[in-house]
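Take a look at the letters that make up each chain.
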Amino acid sequence: MNFKLENLLVELELYLQKPEVRSSRAELERLISDDFLEFAASGCSFGKREVLSRLPDERAPLIETSHFEVRELNEGVCQVLYRAKLKKADENITSFSMRSSIWRKHKDVWQMVFHQGTACKPF
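Report on the accompanying structure. (Residues numbered from 1 in each chain as written. Predicted model: local features only at pLDDT ≥ 70, side-chain atom pairs only at ≥ 80, totals over all residues. Heavy atoms only, no water.)

1. Some words on unusual backbone geometry
Generally, phi is negative for residues other than glycine and the peptide bonds are trans, each holding for most cases. Despite not being glycine, H67 has its phi angle at roughly 55°, a positive value. Relative to the helices and strands, H67 resides in strand 3 (residues 62-74). Positive phi values are uncommon outside glycine, yet K107 reaches one of about 60°. Its location among the elements puts K107 in the loop between strand 5 (94-106) and strand 6 (109-119). (Helix = DSSP H or I, 4+ residues; strand = E, 2+ residues; numbered from the N terminus.)

2. Topic: the packing of aromatic side chains
Applying the stated criterion across every chain, the model contains three aromatic pairs. Judged by centre distance (4.8 Å) and plane angle (25°), the ring pair of F68 and Y82 falls under stacked. One end of the pair, F68, is in strand 3; the other, Y82, is in strand 4 (residues 77-87), with 14 residues separating them in the sequence. Judged by relative accessible area, which is 26%, F68 ranks as partly exposed. The buried category is assigned to Y82, whose relative accessible area is 5%. (Phe/Tyr/Trp six-rings, centres within 6.5 Å; stacked < 30°, edge-to-face > 60°. Buried < 20%, exposed > 50% of the residue type's maximum accessible area, 1.4 Å probe, protein only.)

3. Regarding helix 1 (residues 3-17)
Here helix 1 contains 15 residues, and its C-alpha end-to-end distance of 22 Å stays within 8% of the 21 Å for a straight helix at 1.5 Å per residue. Of the positions making up helix 1, those classed as buried are L5, L9, V10, L12, E13, L16 and Q17. Projected down its long axis, helix 1 carries its buried residues within an arc of 155°, all on one side. In helix 1, the exposed positions angled more than 90 degrees off the buried face are occupied by F3, K4 and E11. On its buried face, helix 1 sits against helix 2 (19-22), helix 3 (25-31), strand 3, strand 4, strand 5 and strand 6. (Expected span 1.5 Å × (residues − 1). Arc of directions from axis to C-beta. Contact = heavy atoms within 4.5 Å.)

4. Things to note about the sheet that holds strand 2 (residues 45-47)
Sheet architecture is open: six strands sit in the order 2-1-6-5-4-3, paired in mixed fashion. Whereas interior strands pair on both sides, the edge strands pair on one side only; in this sheet they are strand 2 and strand 3. Direction aside, neighbouring strands of the sheet carry axes that sit 15° apart on average. Bridge count between strand 5 and strand 6: 10 bridges; the pairing is antiparallel. Bridged to S101 within strand 6 is H115. Across the sheet, helix 1 touches strand 3, strand 4, strand 5 and strand 6, and the angle it forms with strand 3 is around 140°. (Pairing = 2+ DSSP bridges. Axes fitted to C-alpha atoms, helices over the stretch in contact; angles between N-to-C directions.)

Pasting the structure below:
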């Protein structure tokens, strides 16, 4: 695995978690693939259309991430694995999850094509 590529994908994952990016329809359009699919820790699934209609107006949660691992699945396709500790805005409940994202290079831009959050015990 190329160290530069590994760092880029972790940076992109963290970038998508920033409140100003989550509220930017243009950035979400650019970084999320048209065929995006997510299986949320809540058990719900949704695509890019739902992300674009929900995220820009949502108050961003506080997200703490750790234990990143990047795996190259194929040329131009990588998986980013990590742990996430999430506290929703205006709630005093912290949830813990194992996260997995698949990124695919489209032209010169890496885009997220899949994301899954699986609830887990606190860490």
